[in-house]
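Take a look at the letters that make up each chain.
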Amino acid sequence: MATKTVTTAKWRADRRELLEALSHVASIVPAKSPKPILQNVMLTAMENQLQLAATDLDVSISYNMDRVEVHRPGTVVVYAHKLLNIIQELTAQHVDFEVVESMLRVDADKSTFRVVMDDTSEFPTLPEFPAKDEFQVPKDVFATMIKRTEFAAAREQARYSFNGILFHFAKSKLDLVATDGKRLAWARAKVSNRKKIDVNVIVPAKGFSLLSKVVRDDDEKIGLSVTDNQILARTKRAKVSCRLIEGQFPSYEEVVPKDCDKAFTFSTDELLSKLRQSHIMTDQESRAVRFTFEPNLLRFSSQAVNVGESKIEMVIDYGGEEFEVAFNPEYLIEPLKILGEETIVLKLKDQDTPGILEVGDAYVYIVMPIKTM
Amino acid sequence: MPPTDSHPLSILHIDMDAYYASIEEREDPSLRGRPVIVGGSAEGRGVVSAASYAARKYGVHSAMPAGQAKRLCPHAIFIRPRIRFYASVSEQIQNIFRDYTPLIQPLSLDEAFLDVSGCERLLGDAVKIGREIQCRVKDELELPSSVGVAPNKFLAKLASDLEKPNGFVVIPEEKKLEILAPLPASRLWGVGKVAQKRLQDAGLKTIGQMRELTKEQLVSMFGVWGETLYHLSRGEDDREVVPEHEAKSISHETTFHEDVTDKERLADVLLGLTEDTAARVRRRGFWGRTVTLKVRYHDFRRITRSVTLDRPTQHTLEIYHAAKMLLEEKVKIPQKGVRLIGVGLSNLTTGPDVQGDLFGGMDDERESKIDAVVDEIRKEFGRDSISRGGLSDS
């Protein structure tokens, strides 16, 4: 078993195409791993196609790129980040690859690299996409929903369900929800469900995040299928599989405040600009930006002992009584900058009740206030 | 005579001379030798933060109203303080200290205690280290300082002050009584105007004269603090140099008359101490994340155990739950019992700025209200007037 698989692979690839493919694939390759084989990418040259594959055991991807001239098929396994570095730094239009004397030789213009190869038989087998039980969701809708939720998930939280995105598809309703406990993003869409799918699973946020990046303009649909412990997603070029996160997702419907009686419509850009300004005068210890609502005026104020303070005003349409609420501005800047909506509705009640950002029926984002005294 | 092992010269007190003003002079050499006053504006209600020695000749000193300083020294150059900049210079100074010992206790931006015991074999004795630090601060940062070297903190601080600026004074164990004797009693830590007056009324002006009183006499004059004065006047001080990260804490402790073995009783005492600690934390407007339990055994062995919470708190109950967990799980109570127990809160921040949690956690508001009520009642009726029921069983 220890003998290395002999291969004679040889191919030529378009550098830009390869760079894009490799960047996606390498993004899940861990920088450090107790299993060194996972730091590799597997390249398989087939008939006029090159397949790139990587996995961190939670999320796996295989990505097919065309615009490849395959002279001899074969499979190699090489250190992913080194190969990415090489392709990033090269400037030629084409890059030639060939296995020579158990090393992968990379040639472009006047540059030559010889890259150490790992044993292909050690590389984990990626999950197979089951032929049946596949259902489809429209690409544009789904990619937008992922983009609007994935940032709200926690990173490496002890409550595992917080590290994932809830994927809930039943009847013709598709919901994606992510939270880190401080804020919660909930994207909703009506999607036809002829196969009467009913799934409710938690998917690692980085898996869906990767999926939203590998979709391309010519993908109309994303194919999905869910097994006991995996969700698999398929686009024209890529297959992404994610190990499901076990655990109970928090009851998100209950934390949406029902009684926010103050609704403000903002220009997204203007609100974003004011928040970014206020954000400057916060630090780790004083993260809050205070919103003070007065008749026709909204004032944002922030202050941090070691940094300074800011007062930023904005004219609004408001005739109610004066009130205040404080938020971590980062929790509002993040959704505002990716929403791509011209206007946004902010709903509030008082200083203790979560605030709600809303985009029609499609999106609800809830953020807990900061209590300042 | 070489210093005895029990009282080696191992404590340094380094005090920067006219710190803010010296930095300003360094930054703008045209200011050198001229009266420089760093502080608020003379027109407003500002005060002097620091005065160069040239300004001090006119009677200007720190904490004086800036207007008064201006009258005393009309041609002084007034500079608004740049605290963050001074703090960054302090960092550089501390980096020099760190080449010699990790036991550094800064008292403010411009002074610090260093414990260099155990460094002698590697770096030379405390006097050599003190000289070296003073030179390096002068050479590398172009700033003057005064250094005191002594067997303990009290004497080291006293020493650094004796020959300012650019002073270097060593008070060895065998010379301490002689050096202290002629100094005014006000040199003792904690002797303010009132105490000074009481000593003077008793005909005691110098530290030497104070030594004529017995411990009992001092205690009858000044209460428990009299005992401290008794020791200080003899140059005795056993406080340790506490590195900064530990010093930024608020704690309460109590010593038992007899060693306590009963865990339940310890838990009860702990609740009272936590109440005191938390009340002080709240009074000073702090929030803290790290709870520390301190226990001293019958044989004076001391242990501390800490736990860091998910988020800062100032609530008695949250601190108590953590302290009690430490007592129950991290401390073995020996048969002969415990002499002292204490609880502290550190990792302090000034703003509560508590980010709310969508899915619960401890009910902050309710706890705040209970704490506020307890604080009020205790303020009104004394600390034993109210206690929390059933807590020690929870």
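A few points on the structure. In this numbering scheme, every chain counts its residues from 1 along its sequence in written order. As they are written, the chains are lettered A onward and the ligands numbered 1 onward, keeping that order. Owing to the predicted nature of the model, reporting of local features is limited to residues with pLDDT of at least 70; listing and counting of side-chain atom pairs is limited to 80 or more, with chain, interface and lining totals taken over all residues. To get the side-chain values, take all heavy atoms of the structure and skip hydrogens and water.

Moving on, we come to the sheet that holds strand β25 (residues 363–367) of chain A. Residue and element names in this part refer to chain A. At least two bridges found by DSSP between two strands is the condition for calling them paired. Helix numbering and strand numbering both begin at the N terminus, where a helix is a DSSP run of H or I of at least 4 residues and a strand a DSSP run of E of at least 2. Taken in spatial order, the eight strands line up as β14-β11-β12-β13-β25-β24-β23-β18 in an open sheet, and their pairing is antiparallel. Each of the sheet's edge strands pairs with one partner strand only, and the pair in question is β14 (198–204) and β18 (262–267). Within the sheet, the average angular offset between the axes of one strand and its neighbour, ignoring direction, is 15 degrees. In the sheet, strand β11 (residues 164–170) pairs with strand β12 (residues 173–179) via five bridges, with the strands oriented antiparallel. Paired with Ala170 across the two strands is Lys173, which belongs to β12. Throughout, a residue-residue contact means that at least one pair of heavy atoms, one from each residue, lies within 4.5 Å. Helix axes are fitted only over the stretch in contact, all axes being lines through C-alpha atoms; the angle between N-to-C directions runs from 0 to 180 degrees. Strands β11, β12, β13 (183–190), β24 (355–359) and β25 of the sheet are contacted by helix α3 (residues 139–149), whose axis makes an angle of about 20 degrees with β12. In the packing of helix α5 (residues 268–280) onto the sheet, contacts are made with β18 and β23 (343–348), and the angle to β18 comes to roughly 95 degrees.

All names here are of chain A. Tracing the backbone shows Asp219 in the loop between α4 (205–214) and β15 (221–226). For the buried Asp219, no salt bridge is present, and the opposite-charge side chain at shortest range is Arg237, 4.4 Å distant. Polar contact criterion, stated in full: a pair of N or O atoms within 3.5 Å, where within protein one must be able to donate a hydrogen and the other to accept it, and residues adjacent in sequence count only if both atoms are side-chain atoms. From its side chain, Asp219 meets the backbone nitrogen of Arg216 in a polar contact 2.8 Å long. At 2.8 Å, the side chain of Asp219 forms a polar contact with the backbone nitrogen of Lys236. Apart from the residues within four sequence positions on either side, Asp219 is in contact with Lys139, Val214, Thr235, Lys236 and Arg237. Three exposure classes are used, based on accessible area relative to the maximum for each residue type with a 1.4 Å probe and protein chains only: buried under 20%, partly exposed in between, and exposed over 50%. In this tally Asp and Glu are treated as negative and Lys and Arg as positive; neither His nor the chain ends contributes. A pairing counts as a salt bridge when a side-chain nitrogen of Lys or Arg comes within 4 Å of a carboxyl oxygen of Asp or Glu.

Residue and element names in this part refer to chain A. When the centres of two rings from Phe, Tyr and Trp lie within 6.5 Å, Trp using its six-membered ring, the rings pair. Their planes under 30 degrees apart give stacked, over 60 give edge-to-face, and anything left gives tilted. Scanning all chains against the criterion turns up 22 aromatic pairs over all chains. Plain terms: the ring middles of Phe264 and Tyr318 are 5.4 Å apart, the flat faces sit at 55 degrees to each other, and that makes the pair tilted. Of this pair, Phe264 sits in strand β18 while Tyr318 is found in the loop between β21 (308–315) and β22 (323–327), placing the two residues 54 residues apart along the sequence. Of the two residues, Phe264 and Tyr318, neither departs from the other in class, the shared state being buried. Aromatic ring contacts, followed pair by pair, group Phe135, Phe142, Phe167, Phe169 and Phe208 into a single cluster. The side chain of Arg188 reaches across the aromatic face of Trp186, ending 4.6 Å from its centre. Should the NZ of a Lys or the CZ of an Arg lie within 6 Å of a ring centre and within 35 degrees of the ring normal, that charge is described as sitting over the ring.

Attention now goes to the side chain of Asn328 of chain A. In this structure, Asn328 of chain A sits in the loop between β22 and α6 (330–339). A polar contact of 3.0 Å, which involves the side chain of Asn328 of chain A, links it to the backbone nitrogen of Glu330 of chain A.

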